[in-house]
Amino acid sequence: MTNTILEVKRLGKSFGSHTALRDINFSVSQGEIISVLGPSGCGKSTLLQLIAGLQQPDEGEIRLRGATVASVSRLVPPEKRGINMVFQDYALWPHMTIYDNIAYGLRRQKAAAAAIREQIAELVALLHLEGLEDRLPPQLSGGQQQRVAIARALATKPDLLLLDEPLSNLDMRLRIEMRSEMAYLFRQLGTTVFHVTHDPDEAFAMADRLMIMRAGAVDQIDRPQICYDRPATLSAAMLLGAGNRLKSKLVREGEPTTVRIAGQEIVGTSPGPPGVQRTDLVDLLFRPDSAEWRSVPTASANQLPVHVLHSVFEGKRWRVLAKTSDGQPISFLHDEYLDAGEEGNLHISASDAFVYPQQSA
């Protein structure tokens, strides 16, 4: 039987007339890493604060190891929840040494001095902080300070570790390095993690499951690969890189789905809930790396004529900005520079072309 650490049922929270969260339901099993992904203002931070005990829900309840810690009538304080949190600004005590920062929670628990030394030695080794124990936080780099914050959070062996945009203050190289290190460390220790981020790459690197949020609700919760291959909503598809969005007319619904764009029929897939009708206008979304440039038309299907506007070098490949014959903007990746004004065709992979009911935004 699965050992459930966190259960969230019918959770809702409002601030005045603004509904921050509505009908949130999910659970987290022991040792599982859940990454919550969504744009600014979608409710990620509010959800994290409710789980941490910093806010009280207006509806629903939160359970930790089966015990209710938050509801409309009950609010267990943060320090009694068995939860630790790592903030994006590290929140280290600047006047304390690294050793004392890590030991802080253990000393509050009145752990024995020998046990504290043993636990800190293990964490210092795991997080590559050897030789830094006597330094103060301002004497460390951003990456080192983040490691200290993680060590401090892990020292008391919490039931659940909350991560609030933990890598947002680091440069790109450190973010890539740290997200891989954290994912390995948490799995090595069997730590249960609830991780909030706006960075899809960070979420993919760490998560066992993704929770994709929009406007205070959950759009999708599933394994990262399933979310990537079959995003449940238009917003989820855009968040996960499907930046090309073309207004289309539905020709045939079902699987596969056929749409018409600028007089051309394109076959795709409808990963969202059923209900698109034959007469509906729809949006076709696909990622820039799911389209292949062909200067000469071929007999294969799913080709869309485009007019090149501009090419930008991005290191390994060129990002080409173009437009369809009916004037819709589009971008794709290509191995070579393409001149402005060049005409050609894009072949779009049917499995990577997502069709959703047309939305205004």
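None of these values were measured; they are calculated from a predicted model.

Here's the deal with the UniProt feature "domain: ABC transporter" (unreviewed entry) in the protein
Moving on, step 1. Mapped onto this numbering, the UniProt entry gives "domain: ABC transporter" (unreviewed entry) at residues 6-240.
Moving on, step 2. Regarding residues 6-240, the helix share stands at 36% and the strand share at 27%, and the terminal C-alpha atoms are separated by 26 Å.

Things to note about the pattern of salt bridges
Moving on, step 1. Counted according to the given criterion, the structure contains 17 salt bridges.
Moving on, step 2. Its salt-bridge partner being D208, residue R187 comes within 2.9 Å of it at the nearest N-O pair. Of the two residues, R187 is situated in helix α5 (residues 172-189) and D208 in the loop between α6 (200-206) and β9 (209-214); the sequence distance between them amounts to 21 residues.
Moving on, step 3. On the accessibility criterion, R187 (38% relative accessible area) is partly exposed.
Moving on, step 4. In this structure D208 comes out as partly exposed when scored by relative accessible area, which is 27%.
Moving on, step 5. Salt-bridge contacts for R319 lead to E314; the nearest nitrogen and oxygen are separated by 2.6 Å.
Moving on, step 6. Taking relative accessible area as the criterion, R319 reaches 25% and is therefore assigned partly exposed.
Moving on, step 7. Here E314 falls in the partly exposed class, since its relative accessible area comes to 45%.
Moving on, step 8. Ionic contacts of the salt-bridge type, sharing partners, join the residues R147, R173, E177 and E181 into one network.

Side note on the layout of surface pockets
Moving on, step 1. Its volume calculated, the largest pocket comes out at about 810 Å³.
Moving on, step 2. Mapped onto the lining of the largest pocket, the elements with two or more residues apiece are β6 (83-86), α2 (98-108) and α4 (142-155).
Moving on, step 3. Tallied by class, residues from the lining of the largest pocket come to twelve nonpolar, five polar and four charged.

Things to note about the sheet that holds strand β19 (residues 343-348)
Moving on, step 1. Within the open sheet, the five strands sit side by side as β15-β19-β16-β17-β18. Their pairing is antiparallel. With partners counted over all chains shown, the strands left at the sheet margins are β15 (291-294) and β18 (329-334), one partner each. Mean inter-strand twist for the sheet, computed between neighbouring axes without regard to direction, equals 45°.
Moving on, step 2. Of the pairings in the sheet, the one linking strand β17 (residues 318-324) to β18 comprises six bridges and is antiparallel in character. Counted as the bridge partner of V320 is F332 from β18.

A closer look at the packing of aromatic side chains
Moving on, step 1. One pass over the structure, following the stated rule, counts six aromatic pairs.
Moving on, step 2. Judged by centre distance (5.5 Å) and plane angle (10°), the rings of F26 and F194 are stacked. Of the two residues, F26 is situated in strand β2 (residues 18-29) and F194 in strand β8 (residues 193-197); the sequence distance between them amounts to 168 residues. Each member of the pair, F26 together with F194, is buried.
Moving on, step 3. A centroid spacing of 5.1 Å and a plane angle of 75° characterise the contact between W318 and Y337, whose relative ring orientation is edge-to-face. Placement of the pair is W318 in strand β17 and Y337 in the loop between β18 and β19, with a sequence separation of 19 residues.
Moving on, step 4. The rings of F313, W318 and Y337 are connected pair by pair, giving a single aromatic cluster.
Moving on, step 5. Here R287 stacks its cationic end above the ring of Y228, 3.5 Å away from the centre of that ring.

Here's the deal with the sheet that holds strand β14 (residues 281-286)
Moving on, step 1. Pairing in this open sheet of five strands is antiparallel, and the strands run β13-β12-β11-β14-β20 from one edge to the other. Looking at the sheet topology across the chains shown, the edges are occupied by β13 (264-268) and β20 (354-357). On average, each strand axis in the sheet is inclined to that of its neighbour by 45°, with strand direction left out of account.
Moving on, step 2. Pairing analysis gives four bridges linking β14 to β20, with the strands arranged antiparallel. The residue of β20 that forms the bridge with D283 is Y356.

A closer look at the pairing of β2
Moving on, step 1. Across eight bridges, strand β1 (residues 4-15) lies against β2 in antiparallel orientation. When the sheet's bridge partners are listed, E7 is paired in β2 with S27.
Moving on, step 2. In sequence, β1 turns back onto β2 through a hairpin of two residues, with G16 there showing a positive phi of about 65°.

Structural notes on the nonpolar core
Moving on, step 1. Ranked by internal contacts, the top residues of the largest apolar core, which has 35 residues, are I102, L129, I150, L161 and F186.
Moving on, step 2. Counting residues per element, the ones that place at least two in this core are α2, α3 (113-126), α4, β7 (160-164) and α5.
Moving on, step 3. Residue contributions to this core peak at seven residues, all from α4.
Moving on, step 4. For I102, the residues in contact, after removing those within four places along its chain, are I120, L123, V124, L129, V148, A151, R152 and A155.

Calculation notes
Positions within a chain are numbered from 1, following the residues in the order the chain's sequence is written. In keeping with the predicted nature of the model, local features appear solely for residues at pLDDT of at least 70, side-chain atom pairs appear and are counted solely at 80 or more, and the whole-chain, interface and lining totals rest on all residues. Derived side-chain values reflect all non-hydrogen atoms in the structure, with water molecules and hydrogen atoms excluded from consideration. UniProt positions are given in the numbering used here, feature names are shortened, and annotations may be inferred rather than shown by experiment. Helix and strand assignments come from DSSP, with helices taken as H or I runs of at least 4 residues and strands as E runs of at least 2, each series counted from the N terminus. The working definition used for a salt bridge is a side-chain nitrogen of Lys or Arg within 4 Å of a carboxyl oxygen of Asp or Glu. Burial here depends on accessible area, computed with a 1.4 Å probe over protein chains only, as a share of the maximum for the residue type. Under 20% is buried, over 50% is exposed, and the range in between is partly exposed. Cavities and pockets were defined on a 1 Å grid built over protein atoms only: a cavity is a set of grid points that admits a 1.4 Å probe from which the probe cannot escape, a pocket is an open set flanked by protein on both sides within 12 Å along at least five of seven lines, and lining residues are those with an atom within 4 Å of any such point. Grid points are joined across faces, edges and corners, and a volume is the space filled by probe spheres set on the points. Here the term charged refers only to Asp, Glu, Lys and Arg, the term nonpolar to Ala, Val, Leu, Ile, Met, Phe, Trp, Tyr, Cys and Pro, and the term polar to all other amino acids, Gly among them. Any two strands between which DSSP finds at least two bridges are classified as paired. Geometry is summarised by axes, namely lines fitted to C-alpha atoms with helices restricted to the contacting stretch, and by angles between N-to-C directions that run from 0 to 180 degrees. Planes of paired rings set the category: under 30 degrees apart is stacked, over 60 is edge-to-face and the rest tilted, where pairs are Phe, Tyr or Trp rings (Trp by its six-membered ring) whose centres lie within 6.5 Å. Here, over-ring charges are defined by two tests on the NZ atom of lysine or the CZ atom of arginine: distance to the ring centre within 6 Å, and angle to the ring normal within 35 degrees. Nine residue types can take part in a nonpolar core, namely buried Ala, Val, Leu, Ile, Met, Phe, Trp, Tyr and Cys, and a core is a set of them joined through side-chain atoms within 4.5 Å. For this analysis, residues touch if any pair of their heavy atoms sits within 4.5 Å.

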